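For reference, the chains in residue letters:
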Amino acid sequence: MSPSKLLDLAEQEESILSYGQAFLTASLLADGDLTSLMDTVEDVAVQADESPTSIYFEGGLETTSTAITGIVRLGTKTGNRPTLSALQATLFGKYFLSIKYTETVSEAWYVLQAVEALAHNKFFVPTGVTLVNRLPINIHNQKLEVHLTNILNEPVPPSDIKLVTIESSSGDKDTINKSFTSESDGITYSYLLFPQVASPGGYKVILSTEPKTASPVAQLVHVELPVIVSFSVVVESAEISIIERDQNVAVKTVPSQYPTTSQ
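Residues numbered from 1 in each chain as written. Predicted model: local features only at pLDDT ≥ 70, side-chain atom pairs only at ≥ 80, totals over all residues. Heavy atoms only, no water.

Peer 1: Talk me through the overall build of the protein; I want residue IDs and the actual numbers.
Peer 2: Tallying secondary structure elements over the protein gives six helices and twelve strands in all. The globule rule puts the C-alpha radius of gyration for 263 residues at 18 Å, and the 27 Å found for the protein is more than 25% above it. When the backbone C-alpha atoms are referred to their principal axes, the protein occupies close to 100 × 45 × 35 Å. Across the 263 residues in the protein, those meeting the buried criterion constitute 39%. For the protein, long-range pairs separated by at least 24 residues make up 61% of all intrachain contacts whose partners lie at least 6 apart in sequence. Carbon and sulfur atoms form 51% of the exposed surface of the protein, whose accessible area is close to 15,400 Å². Of the side chains in the protein, 16 bear a positive and 30 a negative charge, and the two mean positions are spaced by 8 Å. (Helix = DSSP H or I, 4+ residues; strand = E, 2+ residues; numbered from the N terminus. Rg over C-alpha atoms; globule rule 2.2 N^0.38 Å. Buried < 20%, exposed > 50% of the residue type's maximum accessible area, 1.4 Å probe, protein only. Contact = heavy atoms within 4.5 Å. Areas by Shrake-Rupley, 256 points an atom, 1.4 Å probe, with all protein chains shown as cover. Lys, Arg positive; Asp, Glu negative; His and termini not counted. Charge placed at Lys NZ, Arg CZ, Asp CG, Glu CD.)

Below is the structure:
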């Protein structure tokens, strides 16, 4: 079957799923002009529905997975970048990652098929920034540490991660625009946040990422993460008082000093 015939059939059926299947089938053909199918990618992509955090196609998981995987494989077959922006790829990636639980084998397959295609291609690789842990920042834990990975939690080429702003729970905002330090494992980046921010409370930090070299890794312009800053209390001395319950009179007071034990 020729690529032009595949496109004709997809246009007759008028469904995103059919176009995705046409893209996948064309990527398996030994020869043929795939230009017309490549030109269709942009028209297909703009039909995605929007949610507050992602985009997807009407028809749900099967349709979205088939279309995105088909677009990536068609581009790989031709060697040309499909008309899909890095932002669109990132939002599609968020849709697949939002499906945390699958009830059937086919659902698991559709999620993994699309995630693998987005994570391993030379055109657009969605990335994510996550906290290494949620421990409070304080004098004992001074660094804000994050991971930068693709959507399979795999390393990506080095990027410049910047702490753009810090906003307190009261609404006070400080502009920082300073870079994180890349750690040796290739996915961890750290920033010495304490004592720059030492007042205890809840904060919202805004980060941005930019690849250091030309790569398909998506640039992120607004990554919002929650941070808690705490403080330490030092007890210099303590006393243990034994009080008679009926008279409410202290019978005995024993000084206690850590780490010794009072008898």
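Now, onward.
Peer 1: Could you give an account of the pairing of strand 4 (residues 143-150), naming the residues involved and the relevant values?
Peer 2: Across five bridges, the pairing between strand 3 (residues 127-131) and strand 4 is antiparallel. When the bridges of strand 4 are listed, Val129 appears paired with Leu148. Here strand 4 pairs with strand 8 (residues 188-192) via five bridges, running antiparallel. Bridge assignment links Leu144 to a residue of strand 8, and that residue is Tyr191. (Pairing = 2+ DSSP bridges.)

Peer 1: Could you give an account of the nonpolar core, with specific residues and numbers?
Peer 2: Grouped together as the largest cluster of nonpolar side chains are 39 residues, with contacts concentrated most on Phe23, Leu37, Phe57, Leu74, Phe92 and Phe96. Put simply, the parts of the chain that give this core at least two residues each are helix 1 (3-13), helix 2 (16-27), helix 3 (35-45), helix 4 (61-78), helix 5 (86-98) and helix 6 (105-119). In terms of residues, this core owes the most to one element, helix 6, which gives seven residues. Core analysis: the next-biggest nonpolar cluster, separate from the first, contains 26 residues, Leu144, Val156, Ile176 and Tyr191 among them. (Core = buried A, V, L, I, M, F, W, Y, C linked by side-chain atoms within 4.5 Å.)

Peer 1: Lay out the sheet that holds strand 9 (residues 201-211) in plain terms, naming residues and giving numbers.
Peer 2: Across the sheet, four strands lie side by side as 6-5-9-10; this open sheet has antiparallel pairing. One side of each edge strand has no neighbouring strand; the edge strands of this open sheet are strand 6 (173-179) and strand 10 (220-229). This sheet shows a mean twist of 25° between the axes of neighbouring strands, independent of strand direction. One ladder, built from nine bridges, connects strand 5 (residues 159-168) with strand 9; its direction is antiparallel. By the bridge assignment for strand 9, Leu163 is matched with Leu207. (Axes fitted to C-alpha atoms, helices over the stretch in contact; angles between N-to-C directions.)

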